[in-house]
Amino acid sequence: MLGMKILSLVVVLLLSNIRPTKADPVTVTTDLTECSSATIQNCNSTKTASKYCYKDDKIFTLDEDGACTIEEAITLTAGIKIFDFTTKAEAVTTGALENLASIVLFNCVESDIVTCKRTYGYVKTGTNYYSIGANGKNEEVVAGPADTSAGVLNPATFKLNVSGASKLVSAMLDSDVFEENVKNGFDFVVSGGIASVYLVELADNGIFLSTEDYNTAKTASKTHIAINAVGNVFVFDNTYEKEIECALHYTSSFLKLDIKYESANSRPFDSLYSCTNGLCKISSVKAGKYVFKYTVGYPLDFYVCEGDPIICKYEDEAIDDINVFKEYIDENGYTLFKLIENLDSLDPENEKYQIYHCKNSYCDRTSGYMNYGKDLVNTCKCTENDNCTVQSGTDETGLTGNAGTLKYSGSGFTYTAKGGEPKDITSENDYFFVDSNSNYDYILFRNANFVAFEKYVKKNWNSSIYITISTNVVGKGAENCNSNIYYRYVIDYTKINSYYSVVCKNPEATTGNFLTECENATIKSCSSGKEASKYCYKDNKIYSLDDDGACTTAEPITISSKEGVKIFDFTTMKEADTTSELSNLEKIVLFNCSYDDRSGYIQCVRTYGYVKTGTNYYRIGADGKNEEVVEGNADTTAGVLNPATFKLNIEDGVEFVSDDNASNYFVKLANNGIFLSVEDYNNAIVGSNTHIIIKAVSNTFIIENLYAGEFYALKSKYINSSKAIDSFDKVYICNIDGLCRISVSIVETGIFNLHNRLYVCEGNPIVCSKDDGTNDGLNVFKVYDLDGNGDILLKLTEDLASVDLESEKYQLFNCKSADCRSTKGYIKYGEGFSSIGRCPNNADCTVQAEADNKGLEGLHSIHSTLKYSGTGFTYTIQDGSPKDITSGNDYFFLYEGYDYDYISFSNENIVAFNTNVGNGPLYINASTNVIVSGIENCNSDIYYKYINKYGNFEFDSANCINLGFNCPLSNNNAIIDDIHTLDENGACSTIQEVTLTEGVKIFDLTTKAEIKIAFDLSNLESIVLLNCFYIGKIMQFQCKRTYGYVMTYSDKYFRIGADGKNEEIEFGDPDTTVGVLNPATFKLNISGAVNSNGKVLDLATFQLDFEDGVDFSDDSSASVYLVKLEDNGIFLSSEDYNTAITNSKTHIWIISVSNTFVFDNIFNDDQLCALLLTDSYISVNNRIGYYDFELCEIPISYTTENENENEEEKEEENIEIENGVIGYIISDENNISICKRSSKNIICEEYTITETSCTSDNIGKLFKNNEKNSNEKTSNEETTNEETSKEKISICLNYSDKEYSVELNDANQGNYVLYKSSTTNEIFGTSNDKPYVIITVNKNSVLLNTKYTNGLRYVYINKEGSSASSMYKIMNKGDNCPKDIENSSVLIEESILELECDNGLCSEP
């Protein structure tokens, strides 16, 4: 017994000392270098390949002499690639790596193209681990003693040691998990997991860097290396680039801060780092105040660096001022910008300085002047683009702003608005100037040592600036807006809103002082207990004031909660009785009330005019006089109520309107105290106004002082039209006070282009009417400056021989149905049309005396150019050869499927890009690109055909040839797997093969492609149907051409007939013929049919009750019906019908699947019919599985009666597509398609949701989260109900510190914007220039919306939304803007995103 114990102990000791055997490293045998351009320029060597080189995304084979061989290059895709040079393919990574000596890692990054670099690191395959070393050694890493060296895979844990590392994921800040991982090492990231990058200390271990590269990095003062952790690899990320970033020492590790304009959030840092080709340097920061650059075009973040140790913290105190920063390079090579607080120490001759406007912790570069040096007597000039320079005397050039020029005179400063006179500006003031085109400049001079342009006003959209008119000084009493010496400007981002910007009114100037407009300070606190003696109004409320003007505690009176004119009696303090004569006439006041889009409330203002009550008429005057108008002698003064007719004197006289259908009229200014007070009349004259706008509504004539804009009029009456105006004689511009000026008055006959609308102006008096299309085409217009305020009028030039480009202005337009759009091109003009004019888009034409080497770029993004060569015209696309463009022709050029140019030269004196290409197909000569007509049959291969699809042109065919489907590939004339083309003699050719999959396929012979998501069948004549399924015991795949009906996603219906006729079925009278689609119901008539899902109810009549017909089904599982044979040319040709009758056939199998009804010509129907006729009952399930039927080889599975009866009926849900076919289409969570634009067309493919949340890595992707329902129990409760869960599908719209997403359901349907990402770029076409896209969301789809419009220049988005479901949703009229919770009158401007959009793609203006 003792011997056995000793033996056991020996065995245990031996076993405890057994370790896995470590294989020796293998030397990499692959001879691989980076290709030189010369090496791969000619790959024609036929010698045996013995080595390799790589460039971009290609691997080339070389012979022993290093010459490139004829062997086809291998293409790599984006990502980390584990490549096996033995198999010349990516290595199999499910188990142990084979051919270890020939394994190489590539780091491939995709930008515009895929670029690969060879790299090194660690790989996990299954349960195996390997190092692919930069020292040329590859080896397996096996379990062994711990090795905690930084940058080494620890054999004891198989984790990467990253002590002293920085993980470049800001979300991990303060994460205990990250700290633990820094201490113990990081696990491999699983395949499909979130990638991370780590900055790991440099180590000379031959793994990530060779010894030579390590020494080079140390010489360059590099301290760390970037390691990419992704998809079961740790590799050297030799593509990682960072100019300057921030990091914080957090215990033993560095963590990178993701500091951006949108998401700084007070994150501190103490170090800076930069990386080049994955090699990085980290250094500390010195004390001081800095701004740091991260994103070009955004304000900079202001940080204060102080303490021991020094920590840089985001400065969140308001610093609204101009500041100067010194730009310098520190000892580590970083460019820094440090605040200089002592101006007398500046040395602009030897150092670099820049000035910034800082506000609320953000600093924006600006231009201006500053004092510096001893006693601050010297002056510097600072621009936005250059460093500050010494200004020793008068600055003749000055600094140009948006509206004028700021200059230093040598002793002081002036500002000159464009077209104006210089104005002195002095310190301790801010100034606001506006030019004639509504541009503005805000000048800060509150600090005596800085005078500069303010940078933040334009971000306060819809805010007001108040100035003293004589000095342009901002504020200092002007904000009270209580005198006509002040002016109120309303900001509309980069311009002022001229309609709402008006002279302030003096409340004491209007007689009847018992009522004034409230000042904000007056009604801020209504606490006076004194008796009310007068009143003020604000918005739609009337407030009571005491003798001292203080607001009393009396409840404010609501003027009205509805729009309209209100006749208010201040004796009864309510609306007056208007059924008879007015009582208390001296206390009658008129209010004009309207819904205010900006505030979202009813707004009322006091107004003046005439009132009719019963048979009485009254004047409620702006001069404070209210009086009855009684019948008397005629007074025909314009704008006065004639006592003889009680009509308002406008044209032939206007009667009172009794209802609320208002009409507006324009009347010349008159100083008669009716509609305007004397002060308002004088202000109107000073403001160059000539008319007022009068509204006739509800038995009143009032001045319309709540309606601003541009108005077309005919015979002094405003033409109220939601569409383009068809006729007019004048155009007025009116401000919010109802004061107007004439902007357009046609005084001579002719054809004019006004706001891109073409009018023919003729008659006496002249009236302008919309052009009837007579002047369609390219037209040259002479430019007339109307008033010096930017208003222009364009008159059609019908004789180009009279054009004089040297002394007159002309522009080029393309017109269609009176709609004219600016375009670009060349014109021949002058005597003999011998001169050439160059006409850019939206600009004046200029003389082109010689060849135009620059040319004119195309209208679309295809890098094309139209040029004048000196003798003629050429067109070049991309880097192609120029093509001659000759007169008498129109040309069409298409590049990569979508982008195109249409050039018109049918007018021999104008060659230009045509903006009106029409909707029909285009046929062009393939060699010349000339558009030709009369070849609609497209029967020659010298022509191309293009179709207009959703505003983009596509190939309708590669060229115009006939394609066939009758290749005899098998004895039964079936097409197996592929579609082949026939040559011109009808012989089968395999030039092109298209692989098919199972199901009923809609195939377009013109595009040679399957239509996977059918919205429209544009090439109807070339559409064929294919029936493709596996059949028989050996599961043979077979396709046969078939016929029937198709329903598209746009609810269109098509007949694809066996008689060769394809046609659309439109709604019409009922047709109940068996086997026909009923036009009245769009159901298939199958009375007399047997359903594969049901019983044979009556063996004698062999019928089921389908009298109503059968609907299309979008289910991908099929139902089949046995329908009586009919000779109608739909499912069978007449020939096939006669053959079937001859063979004693009585019925045909119709399959219903994926929105089609087709002849199912793959069924072995004889034996199935025999089974149906001999059995009293059969239940055949949908065609889901592919199994052998009991008696015949057919692809049908069958179930029991109970199983069939328990199947829940699926509801049909129609996918509503509003604006195109790009995006996600969802049948259910397991059947999703994604449609995206490829180089030549829209490609739709199956899509599987893999994401479970919205993160910065999956913007633009769908994700599902699993939300359990309310009947689930806690773990210690008795569960009586089955726990259920529901998958909810959402789309990730953006991620910036938090998730912005929307769930796809009925409640959330609407228009949203989506931010750019690699996914969004690929699907919807976003880019750095257009980073946002408009999408329409409903429960079944997320689609690109190219046609959204709100009638405004910009689209506005509420980023935060009123709820989680309204984040990033587009705001429409009536939606509430985001407002401060405590003060509902204050907009939360940072929550409003303002976008400028074109075809659904948007950017911030």
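These figures come from a predicted structure and were not determined experimentally. (Residues numbered from 1 in each chain as written. Predicted model: local features only at pLDDT ≥ 70, side-chain atom pairs only at ≥ 80, totals over all residues. Heavy atoms only, no water.)

Asker: So what's going on with the overall build of the protein? Which residues, and what values?
Answerer: Counting its regular elements, the protein contains nine helices and 109 strands. Looking at the 1405 residues of the protein, the share that counts as buried comes to 48%. For the protein, long-range pairs separated by at least 24 residues make up 52% of all intrachain contacts whose partners lie at least 6 apart in sequence. Here the protein displays about 68600 Å² of accessible surface, and carbon together with sulfur accounts for 44% of that area. (Helix = DSSP H or I, 4+ residues; strand = E, 2+ residues; numbered from the N terminus. Buried < 20%, exposed > 50% of the residue type's maximum accessible area, 1.4 Å probe, protein only. Contact = heavy atoms within 4.5 Å. Areas by Shrake-Rupley, 256 points an atom, 1.4 Å probe, with all protein chains shown as cover.)

Asker: Tell me about the pattern of salt bridges, and please be specific about residues and values.
Answerer: One pass over the full model with this rule turns up 27 salt bridges. Here glutamate 808 ties to lysine 782 by a salt bridge, and the two come within 2.9 Å at their closest N and O atoms. Here the residue glutamate 808 occupies a position in the loop between β67 (792–796) and β68 (810–816), and lysine 782 occupies one in strand β66 (residues 777–785), the gap between them amounting to 26 residues. When its relative accessible area of 26% is taken as the criterion, glutamate 808 is described as partly exposed. The partner of glutamate 1063 in a salt bridge is arginine 1055, with the nearest N and O atoms 4.0 Å apart. The exposure class of glutamate 1063 is partly exposed, given its relative accessible area of 39%. (Salt bridge = Lys/Arg side-chain N within 4 Å of Asp/Glu carboxyl O.)

Asker: So, the sheet that holds strand β51 (residues 601–607): which residues are in play, and what are the values?
Answerer: Strand order across the open sheet formed by four strands is β49-β48-β50-β51, with antiparallel pairing between neighbours. The strands lining the two open edges of the sheet, one partner per strand, are β49 (574–575) and β51. Two strands pair when backbone bridges link them, and strand β50 (residues 588–596) and β51 are joined in this way by seven bridges, in the antiparallel orientation. Counterpart to leucine 590 in the pairing with β51 is threonine 607. (Pairing = 2+ DSSP bridges.)

Asker: Just give me the short version of the state of the cysteines, but keep the residues and values in it.
Answerer: Chemically, a disulfide is nothing more than a covalent bond linking the sulfur atoms of two cysteines. This structure, assessed with the given rule, holds 17 disulfides. Paired by a disulfide, cysteine 382 and cysteine 388 hold their sulfur atoms 2.0 Å apart. With the S-S dihedral at roughly 110°, the linkage between cysteine 382 and cysteine 388 falls on the right-handed side. We note that cysteine 382, like cysteine 388, is buried. Linked covalently through their sulfurs, cysteine 761 and cysteine 768 form a disulfide whose S-S length is 2.0 Å. Judged by the sign of its S-S torsion, about 110°, the bond between cysteine 761 and cysteine 768 is right-handed. Summarising the burial analysis for this pair, cysteine 761 and cysteine 768 share the class buried. (Disulfide = S-S within 2.5 Å.)

Asker: Quick one: what's the story with the sheet that holds strand β45 (residues 534–538), residue by residue and with numbers?
Answerer: Two pairing modes exist for strands in a sheet, parallel and antiparallel, and in both the strands are linked by backbone hydrogen bonds. Read across the sheet, four strands follow the order β44-β45-β46-β47 without closing on themselves; strand pairing throughout is mixed. Both outer strands of the open sheet, β44 (515–517) and β47 (557–558), are each paired with one neighbouring strand and no more. The sheet contact formed by β44 and β45 spans three bridges and is parallel. Counted as the bridge partner of threonine 516 is cysteine 536 from β45.

Asker: Report on the side chain of asparagine 592, specifying residues and quantitative values.
Answerer: Along the chain, asparagine 592 turns up in strand β50. Looking at asparagine 592, its side chain comes within polar contact range of the side chain of asparagine 705, at 3.3 Å. Ignoring any residue separated from it by four or fewer positions in sequence, one finds asparagine 592 in contact with Gly564, Gln603, Cys604, Val605, Thr607, Lys695, Ile702, Ile703, Glu704, Asn705 and Leu706. (Polar contact = N/O pair within 3.5 Å; in protein donor to acceptor, adjacent residues only side chain to side chain.)

Asker: Describe the environment of serine 1403, with residues and values.
Answerer: Its place among the elements puts serine 1403 in strand β109 (residues 1401–1403). Assessed through its relative accessible area of 16%, serine 1403 is described here as buried. A sequence separation of 75 residues divides serine 1403 from asparagine 1328, and the C-alpha atoms of the two residues are 8.8 Å apart. Here serine 1403 is in contact with Asp1329, Lys1330, Pro1331, Glu1394, Leu1395 and Glu1396, once residues within four sequence places are set aside.

Asker: Got a sec to walk through the environment of threonine 93? Specific residues and values, please.
Answerer: Along the polypeptide, threonine 93 turns up in the loop between β7 (89–90) and β8 (103–110). C-alpha separation for the pair threonine 93 and isoleucine 82, spaced eleven residues apart in sequence, amounts to 8.4 Å. Apart from residues no more than four positions distant in its own chain, threonine 93 is found in contact with Ile82, Thr125 and Gly126.

Asker: Break down the pairing of strand β104 (residues 1332–1338) for me, citing the residues and quoting the values.
Answerer: With seven of seven residues buried, β104 is to be regarded as a mostly interior element. Here β104 shows no split at all, with Tyr1332, Ile1334, Thr1336 and Asn1338 on one side and Val1333, Ile1335 and Val1337 on the other all buried. Two elements, strand β103 (residues 1310–1315) and β104, share six bridges in a ladder whose sense is antiparallel. Opposite tyrosine 1312, over in β104, you have isoleucine 1335 as the bridge partner.

Asker: Which residues make up the packing of aromatic side chains, and what values go with them?
Answerer: Scanning the entire structure with this criterion turns up 55 aromatic pairs. With a centroid separation of 4.4 Å and 40° between ring planes, the pair formed by phenylalanine 186 and tyrosine 198 is classed as tilted. You can see phenylalanine 186 sitting in the loop between α2 (176–184) and β16 (196–201) and its partner tyrosine 198 sitting in strand β16, a full twelve residues away along the chain. Here phenylalanine 186 falls in the buried class, since its relative accessible area comes to 4%. Ring geometry for tyrosine 610 versus phenylalanine 675: centroids 6.0 Å apart, planes at 75°, classification edge-to-face. Note that tyrosine 610 is positioned in strand β52 (residues 609–613) and phenylalanine 675 in the loop between β55 (663–668) and α5 (678–686), a separation of 65 residues in sequence. (Phe/Tyr/Trp six-rings, centres within 6.5 Å; stacked < 30°, edge-to-face > 60°.)

Asker: Lay out the side chain of serine 501 with the relevant residues and their values.
Answerer: Structurally, serine 501 can be placed in the loop between β42 (495–496) and β43 (502–503). What makes serine 501 buried here is its relative accessible area of 2%. A polar atom in the side chain of serine 501 sits 3.0 Å from the backbone nitrogen of valine 490. Within polar-contact distance, the side chain of serine 501 engages the backbone oxygen of asparagine 497 at 2.7 Å.

Asker: Quick one: what's the story with the pairing of strand β75 (residues 873–877), residue by residue and with numbers?
Answerer: Of all five residues that make up β75, four are buried, and the element is covered over most of its length. Between strand β74 (residues 864–868) and β75, which pair antiparallel in sequence order, lie four residues; one of them, glycine 870, sits at a positive phi of approximately 110°. Pairing of β75 with strand β76 (residues 883–885), which is carried by three bridges, proceeds in the antiparallel orientation. Following the sheet pairing, tyrosine 875 is matched in β76 by lysine 883.

Asker: Account for unusual backbone geometry, with residues named and values stated.
Answerer: With omega at 0°, the peptide bond leading from asparagine 764 into proline 765 counts as cis. Residue tyrosine 1368 is not a glycine yet carries a positive backbone phi of 60°. Positive phi values are uncommon outside glycine, yet asparagine 1399 reaches one of about 55°. Relative to the helices and strands, asparagine 1399 resides in the loop between β108 (1392–1398) and β109. Using a relative accessible area of 54% as the deciding quantity, one classes asparagine 1399 as exposed.

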